[in-house]
Structures are given as structure tokens and as C-alpha cells.
Amino acid sequence: MALSPLAPDRPRRVDLSGARKGLGCLIVRTLDLDDDARVLVLTGAGISAESGVPTFRDSNGLWEQHRFEDVASPEGFARDPALVWRFYSQRRQGAQAVQPNAGHAALVELERRLGDRFLLVTQNVDGLHRRAGSERLIELHGHLFTSRCSRCTRAPFADERLHLEGEAPRCERCGEGFLRPHIVWFGEVLDEVAMARIDAFMAEAGARLTFLAVGTSGAVYPAAGLVRLARRRGGNTWLVNAEPADNGEHFDHFLQGKASTVLPALLGQALPD
Ligand code: OAD
């Protein structure tokens, strides 16, 4: 399925039962996770906001007057690869300068408790979940510090270099193609293996599933559609976000607030200092 800001099909049935429960509350009841519970977490830019990484919403979807969709797309790269590299080089610089926060740490602690009954899916490319210690992790939209050749079959490789000025870098292997960030751009297809792993996790969990979305506006699909899949499996769905999400009607519970304070409370962990 291609990355898209539009829902492939709008839901016909809108279930508001329990939605917006907890709106405006800071201290909430803890998640009731018994020995059989499975937890699938989906994170977005909001969980990195308190580390100092600007969200897409913060910048109104614009970078230096360019729409993200115009820079983060194969068409944008074909038009001006040097501009795209400047955009991602700035993001590499920004991500290198920050640290994971208490929201990331809360999810690491939950994973330690649940083991294989936990899976974290992030739309973020900043690498902060991995740096915090998350291991059962799917980076659905790719990784900022990995590059690949746009032409040859060279495997994706770790790459922290910056290209803030001048021409876009060429592949050292084939000498022809431009290198590109290993990121899923708008209009590109998500990794099928990753999607199948998410699907298998939900199928195995069935009604024991708790789906928890954190810091995401619910505007970009397929990730924004995972909540509906979780409900179809009989799962219980929670949203922790600073503001209502575009797909908010699909959540059974909405806890409005900052991830770094709401998550530890919801997960029954000690609050950060
Ligand atoms: P957005 O920037 O669209 O949404 C971030 C959400 O986080 C907003 O709803 C904020 O209210 C919320 N938020 C901000 N600070 C928060 C905090 N401290 N605690 C909790 N919530 C907070 O980011 P995403 O939903 O992640 O794709 O965007 C999805 C995708 O669209 C991105 O992965 C990116 C983008 O275009 C690519 O780059 C491929």
C-alpha cells in the first residue's frame, strides 16, 4: 500500500462509544494488562516533540516554503535531488543533536515487561526509539541515517553524512545513480514484510490486543488505518495525543496531553522527575 495523506476509503460506521473519554484529564487509570495481553504501539512525530524534534503539524507541513509532500516524494527528488538532500541533511543534524525523552523510555519499560507480547511501530525516522533501547521495533517510514542508491542494487547502508550544499551525492558503487535517504516517500509502497509482521501480530493477539497510538495526527495512511484494523480484530484502542487526531473517532479512549507524562501514568510507571 502506498504512503498517502488520504484515507483509502472513509469508514461508514463511526463508533463514538467511549471516544474522548479522559479528554482533558492528566492522571488516568492505568492500562489493565493481564498476563495474556498483547500491546501494539504506533508512534508519530509527537513522541519526539519533547526531545526537540519539530512535528510536521508544527511547521504547517512546510519546510522553507516547500510542502513536505513535494520534498519527500520521488517526483521531488527527480526534480531537485540537492534540495531533498538539504532537507534530510538538516533533519540528520537535528536528530543528532537531541536525546530520547521519558515517552520513549516508558515504551522501553513496557517492552521489558511484555517481551514478545509487545510490538512498537513508529512513523518516525529519527532513530530515537532505537537509541532509547526499543528492540521489537518496526520503523515503518524508514530511517534517517540509512542511505541507498536510487539506481543500483546496493544494499541500504548506515550513513550519517550531511549534504547541505552543492550537488546531491552519487553512489560510490555504480558511480551513476544518486544516493537517497532510505525513507518511504509519499506515493511509495511500505515494506511488505513489515506490514505482514504487524498484521500477524494483530491476528495472533485477536481480542487480547491493546492498540496504543501516541503523538500522531492520524492523517497519513496506511499507519492511520491501523487503529481500524485493531478494532476489527476485537482490540481495545487508545490514543495519547496533545490534540484530537484526524482519525480520533476510531479510538475507544483518548487521553489528551504530553506523551512524556501521560504514558508513564497510563502504563503504571513512576512519573519522570
Ligand atoms: P504530525 O506532525 O502530523 O502529528 C504530530 C501529532 O503529535 C499532532 O497531532 C500533535 O498534536 C501531537 N503532539 C505534539 N506534541 C506532542 C507531545 N509532546 N505528546 C503527545 N502528542 C504530541 O506527525 P505524524 O502523525 O507522525 O511521513 O505524521 C505522519 C507522517 O506524515 C510522518 O511520518 C511523515 C509525515 O509526512 C514521512 O515523512 C514519510
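Definitions and cut-offs
Residues numbered from 1 in each chain as written. Predicted model: local features only at pLDDT ≥ 70, side-chain atom pairs only at ≥ 80, totals over all residues. Heavy atoms only, no water. Helix = DSSP H or I, 4+ residues; strand = E, 2+ residues; numbered from the N terminus. Buried < 20%, exposed > 50% of the residue type's maximum accessible area, 1.4 Å probe, protein only. Contact = heavy atoms within 4.5 Å. Areas by Shrake-Rupley, 256 points an atom, 1.4 Å probe, with all protein chains shown as cover. Disulfide = S-S within 2.5 Å. Phe/Tyr/Trp six-rings, centres within 6.5 Å; stacked < 30°, edge-to-face > 60°. Lys NZ or Arg CZ within 6 Å of the ring centre and 35° of its normal. Near = heavy atom within 4 Å. Polar contact = N/O pair within 3.5 Å; in protein donor to acceptor, adjacent residues only side chain to side chain. Nonpolar A, V, L, I, M, F, W, Y, C, P; charged D, E, K, R; others polar. Pairing = 2+ DSSP bridges. Axes fitted to C-alpha atoms, helices over the stretch in contact; angles between N-to-C directions. Salt bridge = Lys/Arg side-chain N within 4 Å of Asp/Glu carboxyl O. Core = buried A, V, L, I, M, F, W, Y, C linked by side-chain atoms within 4.5 Å.

Caption draft 1: Quick look at the overall build of the protein. When helices and strands are tallied, the protein shows nine helices and 11 strands. Among the 273 residues that make up the protein, the fraction classed as buried is 52%. Long-range pairs, those at least 24 residues apart, make up 70% of the contacts in the protein with a sequence separation of at least 6. Working note: accessible area of the protein is about 13,100 Å², and carbon and sulfur atoms make up 50% of it.

Caption draft 2: Region of the structure containing the state of the cysteines. As enumerated under the stated definition, the model contains zero disulfides in all. No disulfide involves Cys-174; its sulfur sits 3.8 Å from the nearest other cysteine sulfur, which is in Cys-149. By relative accessible area, which is 29% here, Cys-174 ends up partly exposed.

Caption draft 3: Representation of the packing of aromatic side chains. The tally for this structure, following the rule as stated, stands at eight aromatic pairs. What links up through ring pairs into an aromatic cluster is the set Phe-56, Trp-63, Phe-68, Phe-77, Phe-87, Tyr-88, Phe-178 and Trp-185. Cation over ring: Arg-170 sits above Phe-178, and NZ or CZ is 4.1 Å from the ring centre.

Caption draft 4: Molecular detail of the site of the ligand. Taken together, 23 residues form the shell around the ligand, and within it Ala-45, Glu-50, Phe-56, Thr-216 and Ser-217 come nearest. Ser-217 places a polar side-chain atom, nitrogen or oxygen, 2.6 Å from an oxygen atom of the ligand. Within the complex, 93% of the 790 Å² of free accessible area of the ligand lies under protein. For the shell around the ligand, the element with the highest residue contribution is helix H1 (residues 45-49), accounting for three residues. Looking at the shell around the ligand residue by residue, the class counts come to nine nonpolar, 10 polar and four charged.

Caption draft 5: Expanded view of the pairing of strand E8 (residues 179-183). The buried count for E8 comes to four of five residues, which makes it a mostly enclosed element. Here strand E6 (residues 142-149) runs beside E8; their pairing, made up of five bridges, is antiparallel. By the bridge assignment, His-143 is partnered in E8 with His-182.

Caption draft 6: How the structure looks around the sheet that holds strand E5 (residues 137-139). In space, the six strands of this open sheet follow the order E5-E4-E1-E9-E10-E11, with parallel pairing throughout. Looking at the sheet topology across the chains shown, the edges are occupied by E5 and strand E11 (253-256). Pairwise comparison of adjacent strand axes, ignoring direction, gives a mean angle of 15° for this sheet. Bridge count between strand E1 (residues 38-43) and strand E4 (residues 118-122): five bridges; the pairing is parallel. Bridge pairing in E4 places Val-39 opposite Phe-118. Contacting E1 and E4, helix H5 (residues 102-114) runs over the sheet at an angle of about 150° to E4.

Caption draft 7: Region of interest: the pattern of salt bridges. Evaluation of the coordinates by the stated rule reveals 18 salt bridges. The shortest N-O distance in the salt bridge between Asp-36 and Arg-38 comes to 3.7 Å. Residue classification places Asp-36 among the partly exposed residues on the basis of a relative accessible area of 39%. What makes Arg-38 buried here is its relative accessible area of 11%. Here Arg-231 and Asp-252 are joined by a salt bridge, their closest N and O atoms 3.0 Å apart. Of this pair, Arg-231 sits in helix H8 (residues 226-232) while Asp-252 sits in the loop between strand E10 (236-241) and E11, and the two are 21 residues apart along the sequence. A network of salt bridges, in which partner residues are shared, links Arg-92, Arg-154, Asp-159, Arg-161 and Glu-172.

Caption draft 8: How the structure looks around the sheet that holds strand E7 (residues 157-158). Pairing is antiparallel in the open sheet, where three strands are placed in the order E7-E6-E8. This sheet does not close on itself; its edge strands, each paired only once, are E7 and E8. Here helix H4 (residues 81-96) sits on the sheet in contact with E6 and E8, set at roughly 140° to E6.

Caption draft 9: Fine view of the nonpolar core. Counting 24 residues, the largest nonpolar core has Leu-40, Val-121, Leu-140, Ile-198 and Phe-211 as its most contacted members. Looking at this core, the elements that each hand over two or more residues are E1, E4, helix H7 (192-205), strand E9 (209-214) and H8. No other element matches the five residues that H7 contributes to this core. Beyond its immediate chain neighbours, meaning those up to four positions away, Val-121 contacts Leu-40, Val-41, Leu-42, Thr-43, Ile-138, Leu-140 and Ile-198. Residues Ala-37, Ala-106, Phe-118 and Ala-259 belong to the second largest nonpolar core, which totals 23 residues.

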